[in-house]
Amino acid sequence: QGQLVESGGGLVQPGGSLRLSCTASGDIYLWDMAWYRKTPGKEREMVAHITPRGGTMYIDSVKGRFTISRDDVRKTVILQMINLTPEDTAVYYCFAHRPTTGVERWGQGTQVTVSL
């Protein structure tokens, strides 16, 4: 599965949108994929998760605003975020987990800042 590289972070005003991408250097079709976020002073939390079959899960605070999707051919996982609030400000990390082996991978993170 190899490396995970995130992109798409940046500065956006409240109510705005961002699209985060996570591209893997290897195949991801057998891997659970997720996006986590970390803010100073808080534990890293899982924001959204998608299984190899496309089943999704979200934390309550982003339901209806964030959408996770995957394209196994392009080895990419997307987090589409709309109606962003300052509370969404964090470093967002892509995470991969292969259930059959327990192997995990993390991306380097991408900063999302929601501010006027």
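The notes below deal with the structure included here. Starting from 1, residues in each chain are numbered consecutively following that chain's sequence as written. Reporting of local features is limited, given that this is a predicted model, to residues whose pLDDT is at least 70; pairs of side-chain atoms are given and counted only at 80 or more, and all residues count toward the totals for whole chains, interfaces and linings. Heavy atoms throughout the structure, all of them, feed into the side-chain values; hydrogens and water do not.

### A closer look at the pattern of salt bridges
The condition that has to hold: By salt bridge we mean one thing: a side-chain nitrogen of Lys or Arg within 4 Å of a carboxyl oxygen of Asp or Glu. Every helix listed is a DSSP run of H or I at least four residues long, and every strand listed is a run of E at least two residues long, numbered separately from the N terminus. Accessibility here uses a 1.4 Å probe with only protein chains present; expressed as a share of the type maximum, an area under 20% marks a residue as buried, one over 50% as exposed, and anything in between as partly exposed.
What the rule picks out here adds up to 7 salt bridges. A salt bridge links D88 to R37; the nearest nitrogen and oxygen atoms lie 3.0 Å apart. In this pair, D88 is assigned in the loop between β8 (76–81) and β9 (90–97) and R37 in strand β4 (residues 32–38), connecting sequence segments 51 residues apart. Taking relative accessible area as the criterion, D88 reaches 1% and is therefore assigned buried. D88 is the partner of R65 in a salt bridge, and the nearest nitrogen-oxygen pair spans 2.7 Å. With R65 in the loop between β6 (56–58) and β7 (66–71) and D88 in the loop between β8 and β9, this pair connects stretches of sequence that are 23 residues apart. Classification of R65 as buried rests on a relative accessible area of 15%. Here the salt bridges do not stand alone but share partners, grouping R37, E45, R65 and D88 into one network.

### What about the packing of aromatic side chains?
When we look at a pair of aromatic rings, we describe it by the centre distance and by the angle of the planes. To be explicit about the condition: Classification of ring pairs uses Phe, Tyr and Trp, with its six-membered ring standing for Trp, and accepts pairs whose centres are within 6.5 Å; under 30 degrees between planes counts as stacked, over 60 as edge-to-face, and the remaining range as tilted. For a Lys NZ or an Arg CZ to count as sitting over a ring, it must be within 6 Å of the ring centre and within 35 degrees of the ring normal.
Enumeration over the complete set of coordinates arrives at 4 aromatic pairs. For the pair Y36 and F95, a centre-to-centre distance of 5.4 Å together with 75° between the ring planes defines the contact as edge-to-face. Placement of Y36 in strand β4 and of F95 in strand β9 is noted, with a sequence separation of 59 residues between them. Taking relative accessible area as the criterion, Y36 reaches 18% and is therefore assigned buried. Residue class for F95 comes out buried when judged on its relative accessible area of 9%. Measuring from ring centre to ring centre gives 4.9 Å for Y36 and W106, while their planes differ by 65°; the resulting arrangement is edge-to-face. Placement of the pair is Y36 in strand β4 and W106 in strand β10 (residues 104–106), with a sequence separation of 70 residues. Put simply, the rings of Y36, Y93, F95 and W106 pair up and form one aromatic cluster. Over the face of the ring belonging to Y93 we find R44, whose NZ or CZ atom lies 5.1 Å from the ring centre.

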